[in-house]
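# Reading the structure
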Amino acid sequence: GGHLGAVGYSMDKAVLCLIVALLTALLNMLLLGPKTAELMLVLYNGPSQSRTDGSAPLLDEEAQKASKKRFGMVHGISMLANLLNLLAVA
């Protein structure tokens, strides 16, 4: 590792890993986590539809497909950020 004032300073691997870990944790905490939770609620609760059998309301087939796709995409990105974070601190 070098010093900040040194000529040809390059970032330590440890500092780089710390920055990656911090950025991926913040990304997940502030953006991906809340969006994933929101999409999951939409997927499982959906808009209310009157049902005669008293069961939980379901999304229509196309809306459910779109909700699953969107949730899966955001959740997958969130999991990749978690994996990157884990690799950065390991």
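Here, the structure is the one placed above.
First, a word on scope: everything that follows refers to the structure included in this document. (Residues numbered from 1 in each chain as written. Predicted model: local features only at pLDDT ≥ 70, side-chain atom pairs only at ≥ 80, totals over all residues. Heavy atoms only, no water.)

### Points about the overall build of the protein chain
Across its full length, the protein chain holds two helices and zero strands. Taking all 90 residues of the protein chain together, 17% fall into the buried category. Considering only intrachain contacts with a sequence separation of at least 6, the fraction spanning at least 24 residues in the protein chain is 60%. For the protein chain, the exposed surface amounts to about 7,000 Å²; the carbon and sulfur share of it is 68%. (Helix = DSSP H or I, 4+ residues; strand = E, 2+ residues; numbered from the N terminus. Buried < 20%, exposed > 50% of the residue type's maximum accessible area, 1.4 Å probe, protein only. Contact = heavy atoms within 4.5 Å. Areas by Shrake-Rupley, 256 points an atom, 1.4 Å probe, with all protein chains shown as cover.)

### Describing the nonpolar core
In this structure, Leu32, Leu39, Leu43, Phe71, Val74 and Ala81 together form the largest nonpolar core, which totals six residues. In this structure Phe71 touches Thr36, Leu39, Met40 and Leu43, once residues within four positions along its chain are discounted. (Core = buried A, V, L, I, M, F, W, Y, C linked by side-chain atoms within 4.5 Å.)

### Some remarks on helix α2 (residues 61-89)
In this model, α2 (29 residues) spans 42 Å end to end at C-alpha, consistent with the 42 Å of a helix rising 1.5 Å per residue. On its buried side, α2 packs onto α1 (13-45). (Expected span 1.5 Å × (residues − 1).)

### Remarks on the environment of Ile19
Inspection of the secondary structure assignment puts Ile19 in helix α1. Linking Ile19 and Asn85, residues 66 residues apart in sequence, is a C-alpha distance of 9.8 Å.

### What to know about the packing of α1 against α2
Two elements in contact, α1 and α2, have axes separated by 8 Å at closest approach and are oriented at 160°. As far as their axial angle goes, α2 and α1 are roughly antiparallel. Between α1 and α2 lies a crossing of left-handed hand. Here the residues of the contact of α1 with α2 are counted per class, giving 17 nonpolar, nine polar and three charged. (Axes fitted to C-alpha atoms, helices over the stretch in contact; angles between N-to-C directions. Parallel < 35°, antiparallel > 145°, perpendicular 65-115°, else oblique. Left-handed = near helix turned anticlockwise from the far one by under 90°. Nonpolar A, V, L, I, M, F, W, Y, C, P; charged D, E, K, R; others polar.)

### Section: the side chain of Thr24
Within the secondary structure, Thr24 sits in helix α1. Side chain to side chain, Thr24 and Asn85 meet in a polar contact 3.1 Å long. Residues within four places of Thr24 in sequence aside, it is in contact with Ala81, Leu84 and Asn85. (Polar contact = N/O pair within 3.5 Å; in protein donor to acceptor, adjacent residues only side chain to side chain.)

### Points about a nonpolar patch on the surface
Together, Leu22, Leu26, Leu27, Met29, Leu30 and Leu31 line one region of the surface with nonpolar side chains, adding up to about 590 Å² of accessible area. Relative to the helices and strands, Leu27 is located in helix α1. Relative accessible area serves as the criterion here: at 34%, Leu27 is assigned to the partly exposed category. (Patch = residues over 30% accessible without salt bridge, like charges linked within 9 Å, V, L, I, M, F, W, Y side chains within 5 Å. Salt bridge = Lys/Arg side-chain N within 4 Å of Asp/Glu carboxyl O.)

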